[in-house]
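Given next are the chains, with one letter for each unit.
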Amino acid sequence: MRWIRSYVGLSSTRQTMKEDKALVYEDWKECILPLITSAPLELNPKFFGAEQYFAAKSLISSRSFEIDDYHAFGMVPLADLFNHKTGAEDVHFTSSPSHCESDNDVDGNNNDEYDNSEDDVQLTQSSHLRRNRSLTALVGKNFHSVSNLECSSALEDDPTVLEMIIVKNVKAGSEVFNTYGSLGNAALLHRYGFTEPDNPYDIVNIDLEVVLQWSSSLFSDRHSRARLLLWKRLNYSGCGSQNSEYFEISSQGEPEVELLILLCIMLLPEEAYCKLDLTVATAGNFSKSISIILSSNSSIAVGETLEMGKNLLLTRSVCDALLSLADIRESFYGSNSIEDDIKALRRCCCNRERKLYHSLMLRVSERKILEKLRTYATASAQSFENARRISKRKKLKRT
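Throughout, residues of each chain are indexed from 1 in the direction in which the sequence is written. A pLDDT threshold of at least 70 governs which residues receive local features in this predicted model, and a stricter bar of 80 or more applies before side-chain atom pairs are shown or counted, although totals over entire chains, interfaces and linings include all residues. By convention in this description, side-chain values take in all heavy atoms of the structure and omit both hydrogens and water.

Q: Describe in detail the overall build of the protein chain, supporting the description with residues and values.
A: Runs of H or I in DSSP of at least four residues are treated as helices and runs of E of at least two as strands, each being numbered from the N terminus. The secondary structure content of the protein chain amounts to 16 helices and 9 strands. Note on classification: 1.4 Å probe, protein chains only; a residue is buried when its accessible area is under 20% of the maximum for its type, exposed when over 50%, partly exposed between these limits. Per-residue burial over the protein chain gives 40% buried out of 399 residues. Sequence-distant contacts, at least 24 apart, represent 70% of the contacts inside the protein chain between residues at least 6 apart. In these tables, accessible area is a Shrake-Rupley quantity obtained with a 1.4 Å probe, and a residue counts as shielded only by the protein chains included in the view. Carbon and sulfur atoms form 52% of the exposed surface of the protein chain, whose accessible area is close to 22,600 Å². In this analysis, two residues are considered to be in contact whenever any of their non-hydrogen atoms come within 4.5 Å of each other.

Next up, the structure:
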């Protein structure tokens, strides 16, 4: 834990860990502490303290599966033996069709459906054959005298029966992987204690408070809060995690459109802001409100050079704001450069220094995303300026 706190250096991950531990402690205080102090039970506090409860709950939660609406969460024998591989599962964990409306992926954090129809038919047929062949092993000696077909029918009606089916060919001797979900390294480290190199689902979170910090460096607190309120009145919000609100930057360095709209509103001239505020207060016309935002931030005629959407929001000032947000977020990692972190990661042994290794892996992967965000902002600003010049030339020709 000390290594993770020292090397991760991330506001969102560290805050989530602190909040989780606080919630677990509240559970212990409410459910376990009364049992320890209960006279008839005489439980030894040494084995039922808050740290022991935290360890036990972490062990169970990291190995439990979200099965379906019928089963909810549960510990599944043998299912947690499969290691994780992002986006490359060999096996698929599913509940009985009679107790689940669809064959959704029921792994702990993967809600994607396996929707290859032809393969799905073959898998369904082969899974029934495999189930029939292995019923004796599954249900024990008492079922030796029952036919495979009858056993199969009985198991289908049993709400406690689950299936692990293979979804693609695996070479003999190769490790068989499950997937814990389409998770970035921060989520993998937080939930399971490991990371993956070159994880395509990596993200970086930029807290709403960081955006307000940037805005307050340019404008008054009153300005920032008023425009944040207007943004929320337009029914926008960031992602939510317990007590925090944040915006995600994708593995390719692309920000959420909700963040771009917030930055646009923060940067609106006072006249445009008042017009927008009045429009929202009187008519609540969403499409007209967006038109005011776009027309105030650019001189590009919609549909001429850039498509209506994200590109029209990426003005020079918004891109400069993204660069500033990247710098603020980068400062959370301390004085070491990303090159220092990469060298430290190369020196680190995954087997001997597991916590340090995965914390550094997360740190490096997130800093690489911030570099991509800077590249994205710089390129977008240049594209916007080029599009604006083209739009101006077209207007001059028409006049």
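Q: Describe a positive patch on the surface, and please don't skip the residues or the numbers.
A: A cluster of like positive charges, contributed by Lys343, Arg346, Arg347, Lys368 and Lys372, occupies part of the molecular surface. Breaking the positive patch down by element, the ones donating at least two residues are α15 (338-347) and α16 (354-398). Position of Lys372 among the secondary structure elements: in helix α16. We classify Lys372 as partly exposed; its relative accessible area is 36%. Candidates for patches are residues over 30% relative accessible area with no salt bridge; among them, like charges are joined within 9 Å and nonpolar side chains (Val, Leu, Ile, Met, Phe, Trp, Tyr) within 5 Å. Only one rule defines a salt bridge in this text: a Lys or Arg side-chain nitrogen within 4 Å of an Asp or Glu carboxyl oxygen. By the counting rule applied here, Lys and Arg register as positive and Asp and Glu as negative, while His and the ends of each chain are not counted. To locate a charge, take atom NZ for lysine, CZ for arginine, CG for aspartate or CD for glutamate.

Q: Can you tell me about helix α7 (residues 185-192), naming the residues and giving the values?
A: Those residues of α7 lying buried are Asn185, Leu188, Leu189 and Tyr192. Buried residues in α7, looked at end-on, bunch into an arc of 105°, giving them a common side. Looking one or two places after α7, you find Gly193, whose phi comes out positive at around 85°. To be clear, the arc concerns the directions from the helix axis to the C-beta atoms.

Q: Outline the pattern of salt bridges, listing residues and values.
A: If you walk through the whole model with that rule in mind, you get 13 salt bridges. In this structure, Asp27 and Lys57 form a salt bridge, with 2.8 Å as the shortest nitrogen-oxygen distance. Of this pair, Asp27 sits in helix α2 (residues 11-36) while Lys57 sits in helix α3 (residues 50-61), placing them 30 residues apart in sequence. When salt bridges that share partners are traced, they join Asp327, Glu330, Asp341, Arg363, Arg367 and Arg374 into one network.

Q: Any chance you could break down the packing of helix α8 (residues 208-218) against helix α14 (residues 316-330) for me, citing the residues and the numbers?
A: Running from N to C, α8 and α14 cross one another at 115°; their axes reach a closest spacing of 10 Å. You can see that α8 and α14 cross each other, and the crossing is right-handed. The segment α8 lies against α14, with Val210, Val211, Gln213 and Trp214 engaging Ala321, Ser324, Leu325 and Ile328. Each residue is assigned to one of three groups, with Ala, Val, Leu, Ile, Met, Phe, Trp, Tyr, Cys and Pro labelled nonpolar, Asp, Glu, Lys and Arg labelled charged, and all others, Gly among them, labelled polar. Among the residues forming the contact of α8 with α14, the class breakdown is 6 nonpolar, 2 polar and no charged. Lines fitted to C-alpha atoms define the axes, with helix axes restricted to the stretch in contact, and inter-axis angles between N-to-C directions lie between 0 and 180 degrees. By definition, any crossing whose near helix is turned counterclockwise from its far helix by less than a right angle is left-handed, and any crossing with a clockwise turn is right-handed.

Q: Go over the environment of Gln52, please, and point to the residues and values.
A: Along the polypeptide, Gln52 turns up in helix α3. Here Gln52 is in contact with Lys46 and Phe47, once residues within four sequence places are set aside. At a separation of 3.1 Å, a polar atom in the side chain of Gln52 contacts the main-chain amide nitrogen of Gly49. Any pair of N or O atoms that falls within 3.5 Å is considered a polar contact. Within protein, one atom must be able to donate a hydrogen and the other to accept it, and sequence-neighbouring residues count only if both atoms are side-chain atoms.

Q: Go over the packing of aromatic side chains, please, and point to the residues and values.
A: Two rings from Phe, Tyr or Trp (for Trp, the six-membered ring) form a pair when their centres are within 6.5 Å of each other. A pair whose planes differ by under 30 degrees is stacked, one over 60 is edge-to-face, and the rest are tilted. One pass over the structure, following the stated rule, counts 6 aromatic pairs. Aromatic side chains Trp231 and Tyr236 sit 6.3 Å apart centroid to centroid with 15° between the ring planes, which places their arrangement in the stacked category. Here Trp231 falls in the buried class, since its relative accessible area comes to 0%. Put simply, the rings of Tyr180, Tyr192 and Phe194 pair up and form one aromatic cluster. Charges are assigned to positions over rings by a cutoff of 6 Å between ring centre and Lys NZ or Arg CZ, combined with an angular limit of 35 degrees from the ring normal. Lys21 extends its terminal NZ or CZ atom over the ring of Phe54, reaching a point 5.0 Å from the ring centre. It is Arg227 that lies over the ring of Tyr273; its NZ or CZ is 4.3 Å from the centre.

Q: Give me unusual backbone geometry: which residues, what numbers.
A: Phi at Leu78 is positive, roughly 75°, even though this residue is not glycine. Secondary-structure assignment places Leu78 in the loop between β2 (72-74) and β3 (83-84). You will see that Asn235, though not glycine, has its phi angle at about 70°, which is positive. Its place among the elements puts Asn235 in the loop between α9 (221-233) and β8 (239-241). On the basis of relative accessible area, Asn235 is assigned to the exposed category, the value being 72%.

All we've got here are geometric facts, nothing functional implied.
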